[in-house]
Amino acid sequence: MDNMTQDLWQHYQSPLFLLTQALSCDFSFAVITAHNPASTLLSPSQNRLLDRQLLRDIELIGSPYRAMVGASPDLSHMEKSWAVFVDRNMALQLGKKFNQYAIYMVEKGEVSLVPCTLTGHTEVCLGRFNDYVRLVYELPDLTT
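Calculation rules
Residues numbered from 1 in each chain as written. Predicted model: local features only at pLDDT ≥ 70, side-chain atom pairs only at ≥ 80, totals over all residues. Heavy atoms only, no water. Helix = DSSP H or I, 4+ residues; strand = E, 2+ residues; numbered from the N terminus. Contact = heavy atoms within 4.5 Å. Core = buried A, V, L, I, M, F, W, Y, C linked by side-chain atoms within 4.5 Å. Buried < 20%, exposed > 50% of the residue type's maximum accessible area, 1.4 Å probe, protein only.

### Notes on unusual backbone geometry
Then comes step 1: Phi angles above zero are rare outside glycine, and A38 is one such case at about 55°.
Then comes step 2: Note on placement: A38 falls in the loop between β2 (29-33) and α2 (44-61).
Then comes step 3: Not every positive phi belongs to a glycine, and S39 is a case in point at roughly 60°.
Then comes step 4: Topologically, S39 is positioned in the loop between β2 and α2.

### Structural notes on the environment of F27
Then comes step 1: Tracing the chain through its elements places F27 in the loop between β1 (16-19) and β2.
Then comes step 2: F27 sits 63 residues away from M90 along the chain, and the two C-alpha atoms are 15 Å apart.
Then comes step 3: Excluding residues that lie within four positions of it along the chain, F27 makes contacts with F85 and V106.

### Considerations on the nonpolar core
Then comes step 1: One finds F17, F29, Y104, V111, L126 and F129 to be the most contacted residues of the largest nonpolar core, which totals 21 residues.
Then comes step 2: Secondary-structure elements contributing two or more residues to this core are α1 (3-12), β1, β2, β5 (102-107), β6 (110-115) and β7 (124-128).
Then comes step 3: With near-sequence residues (within four places) excluded, Y104 lies in contact with Y12, P15, F17, F29, A30, V31, V111, S112, L113 and L126.
Then comes step 4: I58, W82, F98 and M105 belong to the second largest nonpolar core, which has 17 residues in total.

What follows is the structure in structure tokens.
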């Protein structure tokens, strides 16, 4: 495993989730993004296109979902994401389809980092989902 993917895996273990309203942890859900597949930084327009494709797939599944932003704790990196009320298998399928290294699963209020395409990594339980949530008035504009 190279140093870059090891560093990414470490960064993924300190997420910040920006939400406009609290999510109930009574139900399992996944946090999935289509931004920056395989950690390749894309332009805002390329990321918007992928995000629209992911939203279309989520809507075809027919499960409830909510827009959110996944970010680094210092907000230096942010990605449009979706809280999707699907099971783990469906969440992993979506993550793999959009070439994501990992997704987050929230089950019984606990959030775990789950690898999709990164080999050599195992799932990591990060603790209480709500400890990683920041409620905001509106989600940041990621178009620039």
